[in-house]
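Chain residues, written in single-letter form:
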Amino acid sequence: MKNWYVVYTKPKWEKKVAEQLTKIGVECYCPLITQVRQWSDRKKKVIVPLFNSYVFVQVTEAERNLVFQSAGAVRYLFWLGKPAIVRDEEISTIKKWLDTPDTYDVSIDSIQVGDKITLEDGPFSAQEAVVQEVNKTHYILVLETLGCVLKMKIK
């Protein structure tokens, strides 16, 4: 049975590792987002990995060592002494979130830092989050079940 695992890569090697693994027939997923980066003389849109130094791979237990045929793959991410397994639903949630256009407006009223909330709309609907920061321009939520931090800009 194939499971999703998290492979830790060399810094800035996420896209290269995903490309190399795809060439050798390993199913992998490197979620990418577009960000606007500013230099001293210009702004530019760049495509960067959503998770720095992480690539998701779907392999069987016997195929796990194939990943190290890529020069940029360092090791597997471990949880409780075993390679961390990511559920299919979590990968689907990430894909759904990245495929959804930025059409969701979020408003938070009378919520304090530290409150636990359940997201009602958007790609993370029904996910529980802890409010980490409330700012004039954005909110920062911690999605404990997915192990990530979500920054939501106020439109």
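See above for the structure.
Residues numbered from 1 in each chain as written. Predicted model: local features only at pLDDT ≥ 70, side-chain atom pairs only at ≥ 80, totals over all residues. Heavy atoms only, no water.

S.K.: Looking at this structure, I do not really get the layout of surface pockets. What am I missing?
M.R.: Once rolled over the atoms, a probe with the size of a water molecule shows which space is left empty. The space that makes up the second largest pocket amounts to roughly 500 Å³. Every residue lining the second largest pocket is counted, 16 residues in all, and those nearest its centre are V6, L77, V86, L146 and G147. Of all the elements in the fold, those that place two or more residues in the lining of the second largest pocket are β5 (54–59), β7 (78–79), β9 (85–86) and α2 (88–99). Grouping the constituent residues of the lining of the second largest pocket by class yields 13 nonpolar, two polar and one charged. (1 Å grid on protein atoms, 1.4 Å probe; cavity = no way out; pocket = protein on both sides within 12 Å on 5 of 7 lines; lining within 4 Å. Points joined across faces, edges and corners; volume = space filled by probe spheres on them. Helix = DSSP H or I, 4+ residues; strand = E, 2+ residues; numbered from the N terminus. Nonpolar A, V, L, I, M, F, W, Y, C, P; charged D, E, K, R; others polar.)

S.K.: Sorry if this is basic, but what is going on with the side chain of E14 here?
M.R.: By the secondary structure assignment, E14 is in helix α1 (residues 14–23). At 6.6 Å, K12 is the nearest oppositely charged side chain to E14, a buried residue that forms no salt bridge. Here S53 takes part through its backbone nitrogen, which lies 2.5 Å from a polar atom of the side chain of E14. Not counting the four nearest positions on each side in its chain, E14 is found in contact with T9, C30, P49, F51, N52, S53, Y54 and V55. (Buried < 20%, exposed > 50% of the residue type's maximum accessible area, 1.4 Å probe, protein only. Lys, Arg positive; Asp, Glu negative; His and termini not counted. Salt bridge = Lys/Arg side-chain N within 4 Å of Asp/Glu carboxyl O. Polar contact = N/O pair within 3.5 Å; in protein donor to acceptor, adjacent residues only side chain to side chain. Contact = heavy atoms within 4.5 Å.)

S.K.: Could you clarify how one ought to interpret the pattern of salt bridges in this entry?
M.R.: Here the idea is simple: oppositely charged side chains can pair when their charged atoms come close. Summed over all chains, the structure comprises six salt bridges. Note that R87 and E90 form a salt bridge whose closest N and O atoms lie 3.7 Å from each other. The class for R87 is partly exposed, based on a relative accessible area of 48%. Because the salt bridges share partners, they merge into one network encompassing R87, E89 and E90.

S.K.: Sorry, what's going on with the sheet that holds strand β13 (residues 148–153) here?
M.R.: Consider a sheet: its strands pair through backbone hydrogen bonds, and that pairing is either parallel or antiparallel. Read from one edge of the open sheet, four strands run β10-β11-β12-β13, paired in antiparallel fashion. For this open sheet the edge positions go to β10 (116–118) and β13, each flanked by a neighbour on one side alone. Pairwise comparison of adjacent strand axes, ignoring direction, gives a mean angle of 40 degrees for this sheet. When β10 meets strand β11 (residues 128–134), the two strands line up antiparallel, connected through three bridges. In the sheet register, K116 faces β11, and the bridge partner there is V130. (Pairing = 2+ DSSP bridges. Axes fitted to C-alpha atoms, helices over the stretch in contact; angles between N-to-C directions.)

S.K.: How should the pairing of β13 be read in this particular structure?
M.R.: When a strand is regular, its side chains alternate between the sheet's two faces. Along β13, the buried face is formed by C148, L150 and M152; none of V149, K151 and K153, which line the opposite face, is buried. Where strand β12 (residues 138–143) meets β13, six bridges bridge the pair, whose relative direction is antiparallel. Along β13, the bridge assignment pairs V142 with V149. Between β12 and β13, which pair antiparallel one after the other, the connecting turn spans four residues, and G147 there sits at a positive phi close to 65 degrees.

S.K.: How do you make sense of α2 when you look at a structure like this?
M.R.: Owing to its 3.6 residues per turn, the α-helix brings residues three or four apart onto one side. Taking 1.5 Å of rise per residue, the twelve residues of α2 would be expected to cover 16 Å, and the 16 Å separating its terminal C-alpha atoms lies within 8% of that figure. Buried residues belonging to α2 abut β1 (3–9), β2 (27–29), β5 and β9. (Expected span 1.5 Å × (residues − 1).)

S.K.: Is there a simple way to think about the nonpolar core in this case?
M.R.: Side chains of nonpolar character tend, in soluble globular proteins, to be buried together. F56, L119, L141, L143 and L150 are the most contacted members of the largest nonpolar core, which totals 18 residues. At the level of secondary structure, the elements contributing two or more residues to this core comprise β1, α2, β11, β12 and β13. For this core, the element with the most residues is β13, which contributes three residues. The contacts of L150, once residues within four sequence positions are left out, are W97, L119, F124, Y139, I140, L141 and L143. (Core = buried A, V, L, I, M, F, W, Y, C linked by side-chain atoms within 4.5 Å.)

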